[in-house]
Amino acid sequence: MNLENAISSANAPASTNYRWKVASLIFLVSFVAYMDRVNLSVATPVIMQEFGFTKIDMGLIQTCFFGGYALMQVPGGILADRFGLRKTGTFAILWWSIFTALTAFAHGKLSFAAVRLAFGLGEGPVFPSLGAACYKWFNHAEKGKASSSILGGTFFGPVVGPLLTVALMGWLGWQGVFIIFGLLGIVVAYAWHHYTRDTPEDCPYVSEEEINYINEARSGQTEKAVAPWKELLVNHRFWAVGLQFLVVDYIMYVFLSWLPMFLTEVYGLSLKSMGFWTSVPWIALTFMVFFAGWFSDRLAAGKNSERQYTMRTATAIFGIAVTSVGLYAASHMASVEAAIFWMTLALGSLGFCMSATWSSVMSLGGRFSGSVSGWINLWGNIGGVLAPIVTAFLVETYGWNNAFSITALFGLIVVACWLVIKPGKQLIADN
């Protein structure tokens, strides 16, 4: 696979490189997960017209997904730590794929809301499982590229998703989109179960040399365990890393939920043109997270590896600053080309915050990375719950321009949080 070839250049003293096949699967799972999220946003104008839904109605339907997803983040992290990433991930992929397909049979606000809520519950345990896979399957010097496998798929999904959704809608109608995507997810669930294991030691395709390399400089504590939540919940850094991700994900989900509608309403784009322009900012975000992961690992492999932690803080602050400026500028552009330029700059820069957060999961969480991933995703998806409905209210009340300008101000919260996170210091020290 192209992803495997691109990232297997790490200088690992191993006779196998199976971990990069796992990285490819991590990419694939997150890629399909986010295609399944963006397809409703792209189909929104058609669904609103067919069922007479308002922006507030669609905002509430989108929020139901994020509500279910957020509710399952901490339980999903506990499940990944307790039952292993293989079983937890497989069950979650199957669950969300079934309810993706069932979206095609919704016929009103209540049925749309119920199906999207169940879809969100199914996706909940997936990213904690992927976070646990990054911790267990990769050497400490490969954390940046490993986390980029998650983020690359996450942000490449909305690149392909709009184009594929528009094409399938023209061929099969909006209902066909959800059925095809659901079937694709079932195939991915099989691949995850067949080719992954909870640890490299359990996998017959991994050599002893590769296992030793993956576990280099690790404490050796590999047993499944539940994180000490009492200790975590009194740690202010634990709260800070969650709060900043609420804002980061809030901004991302504003793009995911409302960019297609913004382009059609403000600039009068056709469905086909909207599908293309919607993809452009996500291309920038995909590229940026891979670049940030590569840069982080390069610092980790240098003479002063501790610089990677300082740079995570610096790049996160820089990224959110540029994102805020880009959002404000985009909301005041007269042409669609200028608006997309600033939207692309804004969303691409958000990739620095995303990469810094997910690279820090492993250094902050250690062997409890699954639970820390779940905590971060819980907060991020509180942002996901808020973004569709709050943005719908702001647009209805103040218009698109002011809605984006207000969103830009939230970046100040992210800056304040990163000043106290200290990503190089583990939240719970290994005994």
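Under the annotation held in an unreviewed UniProt entry, the protein carries the name MFS transporter, ACS family, glucarate transporter and is attributed to Selenomonas ruminantium. Annotation of the protein in UniProt includes, under Subcellular location (unreviewed entry), the sentence "Cell membrane".

Draft legend 1. Spotlight on the overall build of the protein. Each helix and strand counted, the protein has 17 helices and zero strands in total. Its C-alpha radius of gyration of 20 Å places the protein within 12% of the 22 Å reference for a compact globule of 431 residues. Overall, the C-alpha framework of the protein stretches about 60 × 40 × 40 Å when taken along its three principal axes. Within the protein, the fraction of its 431 residues that count as buried is 62%. Looking at the protein alone, contacts between residues at least 24 apart form 85% of all its contacts between residues at least 6 apart.

Draft legend 2. Spatial organisation of the environment of S270. Mapped onto the elements, S270 comes out in the loop between helix 11 (236-267) and helix 12 (271-300). Judged by its relative accessible area of 40%, S270 falls in the partly exposed class. For the pair S270 and Y253, spaced 17 residues apart in the sequence, the C-alpha separation amounts to 22 Å. In terms of polar contacts, S270 uses its side chain to reach the side chain of S273, at 3.2 Å.

Draft legend 3. Structural view of the environment of I421. Here I421 lies in helix 17 (residues 411-421). A residue is classified by how much of its surface remains accessible, and I421, at 0% relative accessible area, is buried. Taking the C-alpha atoms as reference, I421 lies 6.2 Å from V241; in sequence the two are 180 residues apart. Sequence-distant contacts of I421, defined by excluding residues within four places in its chain, comprise R237, A240, V241, Q244 and L364.

Draft legend 4. Structural detail: the pattern of salt bridges. Tallied over the entire structure, the rule returns four salt bridges. Across the pair R19 and E210 runs a salt bridge whose closest N-O atoms are separated by 2.9 Å. Of the two residues, R19 sits in helix 2 (residues 18-51) while E210 sits in helix 9 (residues 208-214), which places them 191 residues apart along the sequence. Comparing R19 with E210 shows no difference in burial state: the two are buried. We note a salt bridge from E265 to K55, for which the minimum N-O separation is 2.8 Å. One end of the pair, E265, is in helix 11; the other, K55, is in helix 3 (residues 55-71), with 210 residues separating them in the sequence. Of the residues examined, E265 reaches a relative accessible area of 40% and is grouped as partly exposed. According to the relative accessible area criterion, K55 is buried, its value standing at 12%.

Draft legend 5. Representation of the side chain of S363 in the model. Summarising the element assignment, S363 is placed in helix 14 (residues 336-365). Within the structure, the side chain of S363 is placed 3.2 Å from the side chain of R312, a separation counted as a polar contact. In terms of polar contacts, S363 uses its side chain to reach the backbone carbonyl oxygen of S360, at 3.2 Å.

Draft legend 6. Region of the structure containing the environment of V361. Position of V361 among the secondary structure elements: in helix 14. Between the C-alpha atom of V361 and that of I214, which follows or precedes it by 147 residues, the distance is 17 Å. Setting aside chain neighbours within four positions, we find V361 in contact with G366, S369, V372, S373 and I376.

Draft legend 7. Seen up close, the nonpolar core. Ranked by internal contacts, the top residues of the largest apolar core, which has 130 residues, are I26, W192, F255, L263, W282 and M354. By residue number, the principal contributor to this core is helix 11, which donates 20 residues. Counting the residues that make up this core, at least three belong to each of domain 1 (18-216) and domain 2 (225-430). Residues contacting F255, with those up to four places away along its chain left out, are P260, W282, L327, M343, A346 and L347.

Draft legend 8. Structural view of the packing of aromatic side chains. Taken as a whole and assessed by the stated rule, the structure comprises 35 aromatic pairs. Ring geometry for F51 and F112: centres 5.4 Å apart, planes at 80 degrees, overall edge-to-face. Residue F51 is located in helix 2, and its partner F112 is located in helix 6 (residues 109-123); the two are separated by 61 residues in the primary sequence. For F51, a relative accessible area of 23% puts it in the partly exposed group. On the basis of relative accessibility, which here comes to 1%, the residue F112 falls in the buried class. Of the aromatic side chains, those joined through ring pairs into one cluster are F51, F53, F112, W174 and F178. Above the face of the Y69 ring, R37 is positioned so that its terminal group lies 4.3 Å from the ring centre.

Draft legend 9. How the structure looks around helix 2. Taking 1.5 Å per residue, 34 residues should reach 50 Å; helix 2 reaches 48 Å between its end C-alpha atoms and fits that length. The sharpest bend along helix 2 reaches about 55 degrees and sits at T44, with the proline P45 one to four residues further on. Helix 2 sits mainly inside the fold: 27 of its 34 residues count as buried. Where helix 2 terminates, the next one or two residues include G52, which has phi positive at roughly 70 degrees.

Draft legend 10. Fine view of a negative patch on the surface. Side chains of E201, D202, E208 and E209 sit close together on the surface and give a patch of like negative charge. Look at E209 and you get partly exposed, because its relative accessible area is 42%.

Conventions we followed
Residues numbered from 1 in each chain as written. Predicted model: local features only at pLDDT ≥ 70, side-chain atom pairs only at ≥ 80, totals over all residues. Heavy atoms only, no water. UniProt positions renumbered as here; feature names shortened; annotations may be inferred. Helix = DSSP H or I, 4+ residues; strand = E, 2+ residues; numbered from the N terminus. Rg over C-alpha atoms; globule rule 2.2 N^0.38 Å. Buried < 20%, exposed > 50% of the residue type's maximum accessible area, 1.4 Å probe, protein only. Contact = heavy atoms within 4.5 Å. Polar contact = N/O pair within 3.5 Å; in protein donor to acceptor, adjacent residues only side chain to side chain. Salt bridge = Lys/Arg side-chain N within 4 Å of Asp/Glu carboxyl O. Core = buried A, V, L, I, M, F, W, Y, C linked by side-chain atoms within 4.5 Å. Domains from an automatic or database assignment. Phe/Tyr/Trp six-rings, centres within 6.5 Å; stacked < 30°, edge-to-face > 60°. Lys NZ or Arg CZ within 6 Å of the ring centre and 35° of its normal. Expected span 1.5 Å × (residues − 1). Bend = angle between axes of the 7 residues up to and from the residue. Patch = residues over 30% accessible without salt bridge, like charges linked within 9 Å, V, L, I, M, F, W, Y side chains within 5 Å. Areas by Shrake-Rupley, 256 points an atom, 1.4 Å probe, with all protein chains shown as cover. Lys, Arg positive; Asp, Glu negative; His and termini not counted. Charge placed at Lys NZ, Arg CZ, Asp CG, Glu CD.

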